[in-house]
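Residue strings, one per chain:
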Amino acid sequence: MKLKVCGMRESANVRNLLDQVQPDWMGLIFYPASPRFVDDIQADWIRDTKIRKVGVFVDASLTDIAEKIQKFGLSTIQLHGNESVEEVREIKEKTGLEVFKVFSIDKNIDWKHLEGYLPHVDYFLFDTFTHTYGGSGKTFNWQILLDYPFDKPFLLSGGLTLGHLDAIGDMKSKVPQLQGLDINSKFEIEPGLKDIDLVSEFKKSLKF
Ligand SMILES: O=C(O)c1ccccc1N[C@@H]1O[C@H](COP(=O)(O)O)[C@@H](O)[C@H]1O
């Protein structure tokens, strides 16, 4: 199971994450309204870190995305808004980077709506619906994923904690396309500052 740790932005905190955890991806949030928003001032030292860096965007323009790719040395683009198939296609084609398209789940999901995105994304990412787009700290009804109809791998997010690991393992045994977990607000001392010991415990507990 792969691991993404999202909402990083403090230099010492990132260093500790890399030394103690080494997740598959580290997420940087470029949505200005987020309490985890990463400023351009942080670009210099973040760019030099040797980890796959995911830029999290909410309905951003290709120009904005391209600028952040250059400044921060991003490997991956996470589209966490209402981006259309055409917008995702263009972002994938013009950047050539790994793309996660997020779908925020309220009560249900229409799988047909995802079909058009399939050729243009590397992973889907399922999160809990919130009017602030992400970082809600709440889970959604994962039973919906039991009907997941595609081969495309996906990441699970939305309020994940250590207490969910048994249920996640169970889900993985039924839906093998579940290939990654995205952890965020439940591992924080304050927004944008992770409790690295807790993140490390989560990573060590990932036995599947
Ligand atoms: O964390 C945020 O502030 C945020 C804001 C806007 C879009 C995405 C955001 N974070 C993403 O939210 C999910 C779930 O986070 P949580 O575990 O519920 O706190 C995760 O994918 C983050 O990348």
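Quick notes on the rules
- Residues numbered from 1 in each chain as written.
- Predicted model: local features only at pLDDT ≥ 70, side-chain atom pairs only at ≥ 80, totals over all residues.
- Buried ≥ 20, exposed ≤ 12 C-beta atoms within 10 Å, placed from the backbone.
- Helix = DSSP H or I, 4+ residues; strand = E, 2+ residues; numbered from the N terminus.
- Pairing = 2+ DSSP bridges.
- Right-handed = clockwise from strand over helix to strand, strands pointing away.
- Near = placed C-beta within 6 Å.
- Nonpolar A, V, L, I, M, F, W, Y, C, P; charged D, E, K, R; others polar.
- Axes fitted to C-alpha atoms, helices over the stretch in contact; angles between N-to-C directions.
- Parallel < 35°, antiparallel > 145°, perpendicular 65-115°, else oblique.
- Left-handed = near helix turned anticlockwise from the far one by under 90°.
- Contact = placed C-beta atoms within 7 Å.

Asks: I tried to follow the pairing of strand β3 (residues 52–57) on my own but got confused; where do I start?
Replies: It is a general feature of regular strands that their side chains alternate between the two faces of the sheet. Burial runs high along β3: five of the six residues are buried. Relative to β3, strand β2 (residues 25–29) is paired through five bridges, and the arrangement is parallel. By the bridge assignment for β3, Leu 28 is matched with Gly 55. For β3 and strand β4 (residues 76–79), the ladder comprises four bridges, and the chain directions are parallel. For Phe 57, the partnering residue across the bridge sits in β4 and is Leu 79. A crossover connection joins β3 to the parallel β4 through helix α3 (residues 62–72); in handedness this β-α-β unit is right-handed.

Asks: Whenever I open this one, the site of the ligand confuses me. Can you help?
Replies: With respect to spatial proximity, 24 residues lie near the ligand, and among them Ser 34, Gly 134, Gly 135, Asn 184 and Ser 185 are the closest. Partitioned by chemical class, the residues of the shell around the ligand number seven nonpolar, 13 polar and four charged.

Asks: Teacher, can you tell me more about unusual backbone geometry here?
Replies: In terms of backbone geometry, most residues other than glycine have negative phi values and most peptide bonds are trans. A positive phi is found at Gln 22, a non-glycine position, where the angle reads about 50°. Although it is not a glycine, Asp 59 sits at a positive phi angle of roughly 50°. Inspection of the secondary structure assignment puts Asp 59 in the loop between β3 and α3. Taking the number of C-beta atoms within 10 Å as the measure of exposure, Asp 59 has 14 and is therefore partly exposed.

Asks: What is the right way to look at the packing of helix α1 (residues 11–20) against helix α6 (residues 196–205) in this model?
Replies: Axis angle and axis distance: for two packed helices, these are the angle between their axes and the distance between the axes, and together they describe the pair. In the contact formed by α1 and α6, the axes pass within 10 Å of each other and the chain directions differ by 25°. Classified by the angle their axes make, α1 and α6 are roughly parallel. As α1 packs across α6, the resulting crossing turns out to be right-handed. Counting all contacts with α1, which are made through Asn 13, Asn 16, Leu 17 and Gln 20, the residues of α6 involved are Ile 196, Val 199 and Ser 200. Residue composition of the contact of α1 with α6, by class: three nonpolar, four polar and no charged.

That is the geometry; function is a separate question.
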